[in-house]
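# Fold and contact review
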Amino acid sequence: SQQGEEDPQALSIQEGENATMNCSYKTSINNLQWYRQNSGRGLVHLILIRSNEREKHSGRLRVTLDTSKKSSSLLITASRAADTASYFCATDAPGNQFYFGTGTSLTVIP
Amino acid sequence: DTEVTQTPKHLVMGMTNKKSLKCEQHMGHRAMYWYKQKAKKPPELMFVYSYEKLSINESVPSRFSPECPNSSLLNLHLHALQPEDSALYLCASSQARGGSRTEAFFGQGTRLTVV
């Protein structure tokens, strides 16, 4: 991808379990954001973490950022069938660059 | 109003046609983006406008021509496209504060098919 890689590429879990996906990126960043996409339509912003932050929470979402390793993780707790979607990290880098990672396809089985 | 509106939702065009994709936002955002997304792939950045000026062109072929007539509108003019240009074209906008972007808002995209 233009900026980074995500793993796993695909993840299938039972409803109620936690889902963790990881993002690695290549350059220095201002912030890192996570987005969700259903059925190949528009992306929806989930959470933003700044480069000077290490962890952030929003509802059932927990994001961590390790700038020394150029990596981030997204944890979704107590997953629901409605969480089934593709999840992308996006890095806001200097110079107006805003690139997406390769994405993780999450399937939550009811 | 936190919407980014893209028109049309679907477009089928021949390789000799000229068409335009339109994007509109009224959130006062000064950064606007075009992305191209193929099936099961991440969005690929094509163009970035910052304060109505083109700031990034990711080596996109000249058959794609962006235009930002004002701070609320973004167009993508299409001419002599190839079948491999068929994809979902996404527009997004964000505020830019101190060189760092806030969250981006995306439109629902235009599903383009080139025949």
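Provided above is the structure to which this section pertains.
Residues numbered from 1 in each chain as written. Chains lettered and ligands numbered in written order. Predicted model: local features only at pLDDT ≥ 70, side-chain atom pairs only at ≥ 80, totals over all residues. Heavy atoms only, no water.

The number of helices and strands found in chain A is 0 helices and 11 strands. In terms of overall size, chain A behaves like a compact globule, its C-alpha atoms giving a radius of gyration of 13 Å where 110 residues would be expected to give roughly 13 Å. Expressed along its principal axes, the backbone C-alpha trace of chain A runs to roughly 40 × 25 × 20 Å. For chain A, with 110 residues in total, the buried portion stands at 46%. Of note, chain A has its 11 positive side-chain charges centred 5 Å away from the centre of its 10 negative side-chain charges. (Helix = DSSP H or I, 4+ residues; strand = E, 2+ residues; numbered from the N terminus. Rg over C-alpha atoms; globule rule 2.2 N^0.38 Å. Buried < 20%, exposed > 50% of the residue type's maximum accessible area, 1.4 Å probe, protein only. Lys, Arg positive; Asp, Glu negative; His and termini not counted. Charge placed at Lys NZ, Arg CZ, Asp CG, Glu CD.)

Once that is clear, we can look at the packing of aromatic side chains. Taken as a whole, this structure holds 11 aromatic pairs over all chains when the rule is applied. For the ring pair A:F98 and B:Y33, a centre distance of 5.7 Å and an interplane angle of 40° mean the geometry is tilted. Linking A:F98 in strand β10 (residues 97-100) with B:Y33 in strand β4 (residues 31-37), this pair reaches from one chain into another. Accessibility assignment for this pair places A:F98 and B:Y33 in one class, buried. Note on A:F100 and B:Y35: the rings are 5.4 Å apart at their centroids and 80° apart in plane angle, and the pair reads as edge-to-face. (Phe/Tyr/Trp six-rings, centres within 6.5 Å; stacked < 30°, edge-to-face > 60°.)

Turning our attention to the sheet that holds strand β8 (residues 71-76) of chain A. Residues and elements named next belong to chain A. The strand order β1-β3-β8-β7-β6 describes an open sheet built from 5 strands, whose pairing is antiparallel. Single-partner strands in this sheet number two, and they are β1 (4-7) and β6 (55-58). Averaged over all pairs of adjacent strands, the angle between their axes in this sheet comes to 15°, without regard to strand direction. For strand β7 (residues 61-66) and β8, the ladder comprises 6 bridges, and the chain directions are antiparallel. Bridging across to β8, L61 finds its partner in I76. (Pairing = 2+ DSSP bridges. Axes fitted to C-alpha atoms, helices over the stretch in contact; angles between N-to-C directions.)

This part takes up the state of the cysteines. Tallying each qualifying case throughout the model produces 2 disulfides over all chains. A disulfide bridge connects A:C23 with A:C89, and the sulfur atoms are separated by 2.0 Å. Sign of the S-S torsion, about 70° for the bond between A:C23 and A:C89, identifies this disulfide as right-handed. Linking A:C23 in strand β3 (residues 19-25) with A:C89 in strand β9 (residues 85-93), this pair joins segments that are 66 residues apart in sequence. Across the pair, exposure class does not vary: A:C23 and A:C89 are buried alike. Across the disulfide from B:C23 sits B:C91; the S-S distance is 1.8 Å. Across the S-S bond linking B:C23 and B:C91, the dihedral sits near -70°, which makes this disulfide left-handed. Note that B:C23 is positioned in strand β3 (residues 18-25) and B:C91 in strand β9 (residues 87-94), a separation of 68 residues in sequence. (Disulfide = S-S within 2.5 Å.)

For the rest of this paragraph, the subject is the interface of chain B and chain A. On the side of chain A, 24 residues touch chain B, which itself brings 28 residues to the contact. In total, chain B and chain A occlude about 2,000 Å² of area from one another, counting both sides; carbon and sulfur atoms represent 48% of this. Three residues, B:P42, B:R101 and B:F106, lead the burial of chain B against chain A; their summed loss comes to 27% of the area buried on that side. There are 0 salt bridges connecting chain B and chain A. On the surface where chain B and chain A come into contact, there are 6 residue pairs in polar contact (both at pLDDT 80 or more). Within the residue set of the side of chain B that touches chain A, elements represented by two or more residues are β4, β5 (44-50), β6 (53-57), β9 and β11 (100-101) of chain B. Considering each element in turn, the side of chain B that touches chain A owes the most residues, 4 residues, to β5(B). Within the side of chain B that touches chain A, the residues separate by chemical class into 11 nonpolar, 10 polar and 7 charged. (Contact = heavy atoms within 4.5 Å. Buried area = accessible area lost by both parts, 1.4 Å probe. Salt bridge = Lys/Arg side-chain N within 4 Å of Asp/Glu carboxyl O. Polar contact = N/O pair within 3.5 Å; in protein donor to acceptor, adjacent residues only side chain to side chain. Nonpolar A, V, L, I, M, F, W, Y, C, P; charged D, E, K, R; others polar.)

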